[in-house]
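If you want the building blocks of each chain, they are given just below.
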Amino acid sequence: MSQKIMDRNGRWRSKTIAFRISPEEDEVLNRKVALSGKTKQDYIINALLDKEITVLPSPYVIVSIRKELRRFIELYGTDISSDDEEIMKLVLQIVNAMAEEKKTKIKTKVENSRQ
């Protein structure tokens, strides 16, 4: 039997939600989770409930940013997928907030600027 876990508001997390995603979607999700510094469960719950996610600078987040920046350097001069473009915007948002020594609030919904 699985152990019950409480959320930050003291509520028991006793419901199980399961779904399938493609390997490509899993890669994007894992990259976003790493950049947020949250657990995958917390990230998904906040994204599904359309809440902002606050990113606090930590060694884990900084390593994730470095990894993404290296990836972008490798992609330089090639076609960039929409997933990579979305992650790039997220990284820039986090880095700008860190430069201003602020907490970063991430919107989990993608704002579509193309119409």
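Residues numbered from 1 in each chain as written. Predicted model: local features only at pLDDT ≥ 70, side-chain atom pairs only at ≥ 80, totals over all residues. Heavy atoms only, no water.

Counting residues in hydrophobic clusters, the biggest one holds 11 residues: Val 28, Leu 35, Val 55, Val 61, Ile 65, Phe 72, Leu 75, Ile 87, Leu 90, Val 91 and Ile 94. Within the residue set of this core, elements represented by two or more residues are helix H1 (23-36), helix H3 (59-75) and helix H4 (82-99). Ranked by size, the runner-up nonpolar core spans 5 residues in total, among them Leu 29, Val 33, Tyr 43 and Ile 53. (Core = buried A, V, L, I, M, F, W, Y, C linked by side-chain atoms within 4.5 Å. Buried < 20%, exposed > 50% of the residue type's maximum accessible area, 1.4 Å probe, protein only. Helix = DSSP H or I, 4+ residues; strand = E, 2+ residues; numbered from the N terminus.)

The final tally for this structure, using the stated rule, is 7 salt bridges. For Asp 26, the salt bridge is made with Lys 40, and the minimal N-O distance between the two is 3.6 Å. You can see Asp 26 sitting in helix H1 and its partner Lys 40 sitting in helix H2 (residues 40-48), a full 14 residues away along the chain. Sharing partners across several salt bridges, the network here consists of Glu 27, Arg 31, Glu 68, Arg 71 and Asp 84. (Salt bridge = Lys/Arg side-chain N within 4 Å of Asp/Glu carboxyl O.)

For H1, with 14 residues, the first-to-last C-alpha span of 20 Å sits near the 20 Å given by 1.5 Å per residue. Listing the buried residues of H1 in full gives Val 28, Leu 29, Arg 31, Lys 32, Val 33, Ala 34, Leu 35 and Ser 36. Buried residues along H1 sit in contact with H2, strand S3 (53-55), H3 and H4. Gly 37 occupies a position one or two residues after H1 and carries a positive phi of about 80°. (Expected span 1.5 Å × (residues − 1). Contact = heavy atoms within 4.5 Å.)

Peptide bonds are, in most cases, trans, and in most cases residues other than glycine have a negative phi. Even without glycine at this site, Asp 50 takes up a positive phi of about 60°. The residue Asp 50 is located in the loop between H2 and S3 in this model.

Another aspect to go through is a nonpolar patch on the surface. A surface patch of nonpolar side chains, amounting to about 330 Å² of accessible area, comprises Ile 17, Phe 19 and Ile 21. Following the sequence through the fold, Phe 19 ends up in the loop between strand S2 (12-13) and H1. (Patch = residues over 30% accessible without salt bridge, like charges linked within 9 Å, V, L, I, M, F, W, Y side chains within 5 Å. Areas by Shrake-Rupley, 256 points an atom, 1.4 Å probe, with all protein chains shown as cover.)

Here we come to the environment of Val 95. Its location among the elements puts Val 95 in helix H4. C-alpha separation for the pair Val 95 and Ile 62, spaced 33 residues apart in sequence, amounts to 9.3 Å.

Within H2, the full set of buried residues consists of Asp 42, Tyr 43, Ile 44 and Asn 46. Looking at the buried positions of H2, the neighbouring elements they touch are S2, H1 and S3. One or two steps after H2, the chain reaches Asp 50, where phi turns positive at roughly 60°.

Right, let's get into the side chain of Ser 36. Inspection of the secondary structure assignment puts Ser 36 in helix H1. A polar contact is formed between the side chain of Ser 36 and the backbone oxygen of Val 33, at a distance of 2.8 Å. Residue contacts for Ser 36: discarding those within four places in its chain leaves Tyr 43, Ile 53, Thr 54, Val 55 and Val 61. (Polar contact = N/O pair within 3.5 Å; in protein donor to acceptor, adjacent residues only side chain to side chain.)

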